[in-house]
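# A look at the structure
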Amino acid sequence: MTRVGIIGTGMLGSAVGIHLLDSGFELTAYNRTKSKTDELAKKGARVVDFPKDVAKSSDVVITIVKNADAVKDVSFGNNGIVEGSHDGLIVADMSTINPVESKIIAKKFSEHGITMLDTPVMGGPNVAIDGKLVMMASGNKTIFEKHRKVFDTISNQIFFLGEVGTAHAVKLAMNIQIALLALAISEGITLARGANVDPEIFLKILNSTYFKTGMSENKAYKMIKGSFEPTFTLTNLKKDLDTINEAAMAFGVSLPISAKANEIFQKAVDAGFGDLDYTAILAYIKQLKQK
Ligand SMILES: NC(=O)c1ccc[n+]([C@@H]2O[C@H](COP(=O)([O-])OP(=O)(O)OC[C@H]3O[C@@H](n4cnc5c(N)ncnc54)[C@H](OP(=O)(O)O)[C@@H]3O)[C@@H](O)[C@H]2O)c1
C-alpha cells in the first residue's frame, strides 16, 4: 500500500489525514505548529519534526498549506521535502495556489527528481472527513494513476485536467463562485432584514427557485443565526481572491466582480473578521449598515 505523508495539518489537512488513517493508510505527518498534529498522532499517525522526514518515509507527500510561499517553504526551505528525496517520490499539492506558481514549483521539484501533481479540492473538512472531496488534478497522468487509490480515498469525484497548473486555474475559478455566492446571499439577507422581512423567508423562497445553491440550502441557515465557526476562514478566502486576481492578470483577462470582492473581503479582514468562517462576510456587511 502507498505510504502517505501529509504536510500541513490545519483544518483541511487534519480531516484528510484522519480519513486516510481510518481507511487503513500508513500516515506520516508534519505541521509547523506541532500541537495541530496531536489528533492525528492519537489515531496512529507518525508525527515527525521536519518536512524532509515526511518525504523520507512516504511514497506520496500531500502538501496542504496556506499558499504558494508556504508550499515553497516546506518544499525547498531548510529541512524541506527535497532533502528527503528518494526514488519514486511524488508530491501532490492540495493547497489553493496560483497556477503560475505551481508550474515554477513543479519545475524546481523535477530538478530534484521529484514529480509534483496538482490536486486542489472543493469541499471542506466536514466532507474531507468522509472522503467526499471533489478533486481537480493535473500533471503527469501516468504517475497520478499509479497512486490513484490514495486520491480515490480522499475524494469521491476526480476531474483530471491536463498539464501541471491547469487544476489550480480551475480551482480558482471555483473559488470565485464561493466568494460571490457568499456575497450575494449576504446582501440578499441584509436587504430582507432592512425591510423587516424574516431572512428565513428569504431563504425559503430562494430555495424554491432555480437559483438555490448548496450554500443557500445549508450554510445560509447558520449565517442568519450568526454562527460563523470556521471550516474555511475568511482570511483564506481573501488569500484566494488575491490569487484569483493575480492569475487573471497573468492570463490577461479581466474579472471586475472578483476585483471588487477582493476589496470587500480585505475590508472585512481589516475589521477583524478574518478568523471566522468566510460566510462572516454577512456579519461584516451587517455592521456596515449599523454605522
Ligand atoms: N478549509 C477548506 O474548506 C479548504 C477547502 C479547499 C482548499 N483549501 C485550501 O487548503 C489549504 C489549507 O487550508 P486550511 O483550511 O486547512 O487552512 P488553515 O487551517 O489555516 O491551515 C493552514 C496550514 O498551512 C500551514 N502554513 C501556513 N504557512 C506556512 C508556512 N510558511 N510554512 C509551513 N506551513 C505553513 C499552517 O501551519 P501552522 O498550523 O503552523 O500555522 C497550517 O497547517 C489552503 O490553501 C486553503 O485555501 C481549504
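Residues numbered from 1 in each chain as written. Predicted model: local features only at pLDDT ≥ 70, side-chain atom pairs only at ≥ 80, totals over all residues.

## What about the pairing of strand E2 (residues 27–30)?
Remark: a regular strand shows side chains that alternate across the two faces of the sheet. Selection criterion: Buried residues are those with 20 or more other C-beta atoms within 10 Å of their own C-beta, exposed residues have 12 or fewer, and partly exposed residues lie in between; C-beta atoms are placed from the backbone. The numbering of helices and of strands both runs from the N terminus, where a helix is a DSSP run of H or I of at least 4 residues and a strand a run of E of at least 2. Here a strand pair is declared whenever DSSP counts at least two bridges between the two strands. The handedness of a crossover follows from its direction of travel: if, with the strands pointing away from the viewer, the path from the first strand over the helix to the second runs clockwise, the crossover is right-handed.
Here E2 shows two buried faces, one formed by Leu27 and Ala29 and the other by Thr28 and Tyr30. Relative to E2, strand E1 (residues 4–7) is paired through 4 bridges, and the arrangement is parallel. By the bridge assignment, isoleucine 6 is partnered in E2 with alanine 29. Taking the sense of rotation as the criterion, the β-α-β connection linking E1, helix H1 (residues 11–22) and E2 turns out right-handed.

## Concerning the site of the ligand
Using the following cut-off: Nearness rests on one distance test: the residue's C-beta atom, set from the backbone, must lie within 6 Å of the molecule or strand. Residues were grouped as follows: Ala, Val, Leu, Ile, Met, Phe, Trp, Tyr, Cys and Pro as nonpolar; Asp, Glu, Lys and Arg as charged; and all remaining residues, including Gly, as polar.
With respect to spatial proximity, 26 residues lie near the ligand, and among them Gly10, Arg32, Thr33, Ala70 and Gly124 are the closest. Put simply, the parts of the chain that give the shell around the ligand at least two residues each are H1, helix H4 (68–76) and helix H13 (234–251). In the shell around the ligand, the residues fall into 9 nonpolar, 12 polar and 5 charged.

## Some thoughts on the domain arrangement of the protein chain
Threshold: Where each domain starts and ends comes from a domain assignment, either automatic or drawn from a database. Throughout, a pair of residues is in contact if the C-beta atoms placed from their backbones lie within 7 Å.
In terms of domains, the protein chain is made up of domain 1 (4–164) and domain 2 (168–290). The C-alpha-based centres of domain 1 and domain 2 are spaced at 28 Å. Each side of the interface is counted separately: domain 1 has 17 residues, and domain 2 has 15 residues. Counting residues per element, the ones that place at least two in the side of domain 1 that touches domain 2 are helix H5 (99–111) and helix H6 (125–128). Per-class residue counts for the side of domain 1 that touches domain 2 are 9 nonpolar, 6 polar and 2 charged.

## Section: the sheet that holds strand E6 (residues 115–118)
The 6 strands lie next to each other as E3-E2-E1-E4-E5-E6, forming an open sheet whose pairing is parallel. The outermost strands of the open sheet, each flanked by one partner alone, are strand E3 (46–47) and E6. Where strand E5 (residues 90–93) lies against E6, 4 bridges are found, and the strand directions are parallel. Residue valine 91 lies in a different strand from E6, and its bridge partner there is methionine 116.

## Some points on the sheet that holds strand E9 (residues 155–160)
An order of E7-E8-E9 is seen for the 3 strands of this open sheet, with the pairing classed as mixed. Either end of the sheet is taken by a strand with one partner, and the two such strands are strand E7 (121–122) and E9. Direction of pairing for E7 relative to strand E8 (residues 133–137): antiparallel, over a ladder of 2 bridges. By the bridge assignment for E8, valine 121 is matched with methionine 135.

## Quick word on helix H9 (residues 166–194)
To keep it simple, the criterion reads: Expected helix span is computed as 1.5 Å times (number of residues minus one).
With 29 residues, H9 ought to run about 42 Å at 1.5 Å a step, and its terminal C-alpha atoms sit 42 Å apart, in line with that. Regarding H9, the residues found buried are Ala167, His168, Ala169, Lys171, Leu172, Asn175, Ala179, Ala182, Ile185, Ser186 and Ile189. Positive backbone phi, approximately 60°, marks asparagine 196, located one or two places after H9.

## Section: the environment of alanine 248
Here alanine 248 lies in helix H13. When the C-alpha atoms of alanine 248 and alanine 169 are compared, they prove to be 9.5 Å apart, with 79 residues separating the residues in sequence. With residues near it in sequence (within four places) discarded, alanine 248 still touches Val253, Ser254, Leu255 and Ser258.

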